[in-house]
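Residues per chain are reported as follows:
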Amino acid sequence: MRFDKEISHPIHPQHKLYLQYTEIPFNCDGCKEAGIGLKYSCQQCEFDLHKACAIAAPRIFHSFYKKCDFQFHYQPPSKQLRVCDACRNDVSGFVYHCKACGFDLHPCCANLPQVLDDGEHNLYLCLKLSDSCHRCGGGKEPGWSYRSKCKSYNLHVSCVKELLVESWEAAYLNADKNKVRESQTRIPSLKGTLKNHHGNGNNTRGGKVIMRKCCELAVGAVRLIVSAMLGDPTALVAAAIGAFISK
């Protein structure tokens, strides 16, 4: 799919925005969420928009909410605290809102693909989990998740976002912008959580094999979900994320 290399946007009318690619995390001035990869950026100001936020459709429908009509808003439609029904993060800026049902979706969350495929494993977007999340151990909490085809691996979208935000906040708090690049896409490993999840089965040879395969799937799963959540990064960024996770 091709995109305009240059656009004008209503919330930043003074300057043109240009399509760029970055390996350094940024904060979207539209939805106020983290981003990486393709973005529309002002060359004169520190102003960035996710691709999904910059070219957001005025109206969308989603298969999870068949009766909902989501309208795009530049600001939350009310003064009360609103939460994205996909990632469970606060809604602070751009949002898709269904007036009839009260559901809210960040633009990037609304664009999460139903199926993620890394060539070996498929992950399927689910409205609810039927089993526990491999990061937090929970299963009945609200919010979307990705699940492996075999249904044995589950990961909340919110958990992936938490992993990213924790790492990136630390990078920004402890380093200047020139040094952020050194840990640009690092996120904590899921291996410790996965070991706890599988319990004593890891003491046997068969358990170790299962554990190794599950860890491999974890790396691929997080890489795929990160790529989908943050504005369609290229394979280069996805590979970098996978390398950091596996350490």
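Residues numbered from 1 in each chain as written. Predicted model: local features only at pLDDT ≥ 70, side-chain atom pairs only at ≥ 80, totals over all residues. Heavy atoms only, no water.

A few points about the sheet that holds strand β7 (residues 95-98)
Pairing is antiparallel across the open sheet formed by four strands, whose spatial order is β5-β6-β7-β8. Edge positions in the sheet fall to β5 (59-62) and β8 (104-105), since each of these pairs with one other strand and no more. By the bridge criterion, three bridges tie β5 to strand β6 (residues 65-73) in an arrangement that is antiparallel. Each residue of the ladder has a partner; that of His-62, found in β6, is Tyr-65. (Pairing = 2+ DSSP bridges. Helix = DSSP H or I, 4+ residues; strand = E, 2+ residues; numbered from the N terminus.)

Some details on the sheet that holds strand β1 (residues 6-9)
Here four strands make up an open sheet; going across it, the order is β1-β2-β3-β4 and the pairing antiparallel. Single-partner strands in this sheet number two, and they are β1 and β4 (48-50). On average, adjacent strands in this sheet sit at an angle of 50° to one another, irrespective of strand direction. In this sheet, strand β2 (residues 12-27) lies alongside β1 in antiparallel orientation, the contact comprising three bridges. From the neighbouring strand, Glu-6 faces β2, where its bridge partner is Tyr-18. (Axes fitted to C-alpha atoms, helices over the stretch in contact; angles between N-to-C directions.)

So, the nonpolar core
One broad trend across soluble globular proteins is that nonpolar side chains are buried collectively. Judged by nonpolar contacts, the single largest core of 35 residues is most densely connected at Phe-70, Leu-105 and Trp-144. Broken down by secondary-structure element, the contributors of at least two residues to this core are β2, β3 (34-42), α1 (51-54), β6, β7, α2 (107-110) and β10 (122-126). Tallying contributions element by element places β6 first for this core, with four residues. Counting six residues, the second-largest nonpolar core is a separate cluster that includes Leu-129, Cys-133, Tyr-153 and Cys-159. (Core = buried A, V, L, I, M, F, W, Y, C linked by side-chain atoms within 4.5 Å. Buried < 20%, exposed > 50% of the residue type's maximum accessible area, 1.4 Å probe, protein only.)

Overview of the state of the cysteines
Overall, the coordinates contain zero disulfides when judged by the stated rule. For Cys-133, which is in no disulfide, the shortest distance to another cysteine sulfur is to Cys-159 and amounts to 3.7 Å. There is no disulfide at Cys-136, and the cysteine sulfur nearest it, in Cys-159, is 3.8 Å away. Overall, Cys-136 belongs to the partly exposed group, its relative accessible area being 43%. (Disulfide = S-S within 2.5 Å.)

Looking at the packing of aromatic side chains
Applying the stated rule across the entire model yields eight aromatic pairs. Ring geometry for Phe-64 against Trp-144: centres 5.0 Å apart, planes inclined by 90°, an arrangement best described as edge-to-face. Taken together, the residues span a long stretch of sequence, with Phe-64 in the loop between β5 and β6 and Trp-144 in the loop between β10 and β11 (145-148) at a distance of 80 residues. The exposure class of Trp-144 is buried, given its relative accessible area of 1%. Put simply, the rings of Phe-64, Tyr-65, Phe-70, Phe-103 and Trp-144 pair up and form one aromatic cluster. One cation-aromatic arrangement involves Lys-39 over Phe-26; the distance from NZ or CZ to the ring centre is 5.1 Å. (Phe/Tyr/Trp six-rings, centres within 6.5 Å; stacked < 30°, edge-to-face > 60°. Lys NZ or Arg CZ within 6 Å of the ring centre and 35° of its normal.)

This is a description of form; function is not addressed.
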